[in-house]
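# Coordinate analysis (summary)
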Amino acid sequence: AWGVGVDASGERTLRGPAFCAGRCNIELHRTDGTLPFLASERFDFVFSHIVFQHVPRKAYVERYFHEAHRVLKPGGVFRVQVDGRSRQFFRRVLADSWSGVVFSARELSRRLERSGFRVTELRRPGPQSLRPTAGHPAPQPPTNILSAAHISLLASSPPPTPPPPSPPAPPP
């Protein structure tokens, strides 16, 4: 297995190598919310835990969702945890990097779908968290395209010319 850790905090990316000492299969990067250093469709699994509850703007969280979708392989899984105490109306306006933003289950699902995911599960493991699991849909094979093109081609072709009749057989 191989893993990549990203964080907006310079301190965490500086402390990370000591924590991961002896593990050659880990990369650590500092991020501004984008992941240009990671290739598209590179990962089978992307997750975030106890991070987005500290992000002060929903637009920032959604930017991470878009980037997670970009780096996830088709058929891959995205697992995330957010603060689901959506009745805390004041946090919709006054969120900061400690209290962060809150999401209702409906809004979270919509934002994930807008980022290209298909939400397959949405759990509320406690009074505070929402934990969706979403998939990067695998492309469907274009079976209908070939069939439709074939039918159109047959329908627009002139009918085949019948073969000329065979000459009569000579008398015995």
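Heads up: these notes are all about the structure in this document. (Residues numbered from 1 in each chain as written. Predicted model: local features only at pLDDT ≥ 70, side-chain atom pairs only at ≥ 80, totals over all residues. Heavy atoms only, no water.)

Before going further, it helps to examine the overall build of the protein. Helix and strand counts for the protein come out as five helices and seven strands. Taken from the N to the C terminus, the helices and strands of the protein come in the order β-α-β-β-α-β-β-α-α-β-β-α. In the protein, which comprises 172 residues, the share counted as buried stands at 30%. For the protein, the computed accessible surface area is about 11,800 Å², with 61% contributed by carbon and sulfur atoms. (Helix = DSSP H or I, 4+ residues; strand = E, 2+ residues; numbered from the N terminus. Buried < 20%, exposed > 50% of the residue type's maximum accessible area, 1.4 Å probe, protein only. Areas by Shrake-Rupley, 256 points an atom, 1.4 Å probe, with all protein chains shown as cover.)

The backbone of Glu41 sits at a positive phi, close to 50 degrees, despite the residue not being glycine. Within the secondary structure, Glu41 sits in the loop between β2 (26-30) and β3 (43-48). Even without being glycine, Ile50 reaches a positive phi, approximately 55 degrees. Tracing the chain through its elements places Ile50 in the loop between β3 and α2 (58-71).

A separate point is the packing of aromatic side chains. Two aromatic rings, taken as a pair, are described by how far apart their centres are and by the angle between their planes. Counted by the stated rule, this structure contains five aromatic pairs. Taking 5.6 Å as the distance between ring centres and 50 degrees as the angle between the ring planes, the aromatic pair formed by Phe52 and Tyr64 counts as tilted. You can see Phe52 sitting in the loop between β3 and α2 and its partner Tyr64 sitting in helix α2, a full twelve residues away along the chain. Classification of Phe52 as buried rests on a relative accessible area of 4%. In this structure Tyr64 comes out as buried when scored by relative accessible area, which is 19%. Centroid distance Phe78 to Phe117: 4.8 Å. Interplanar angle 15 degrees. Geometry classified as stacked. (Phe/Tyr/Trp six-rings, centres within 6.5 Å; stacked < 30°, edge-to-face > 60°.)

Coordinates in, geometry out; function isn't part of it.
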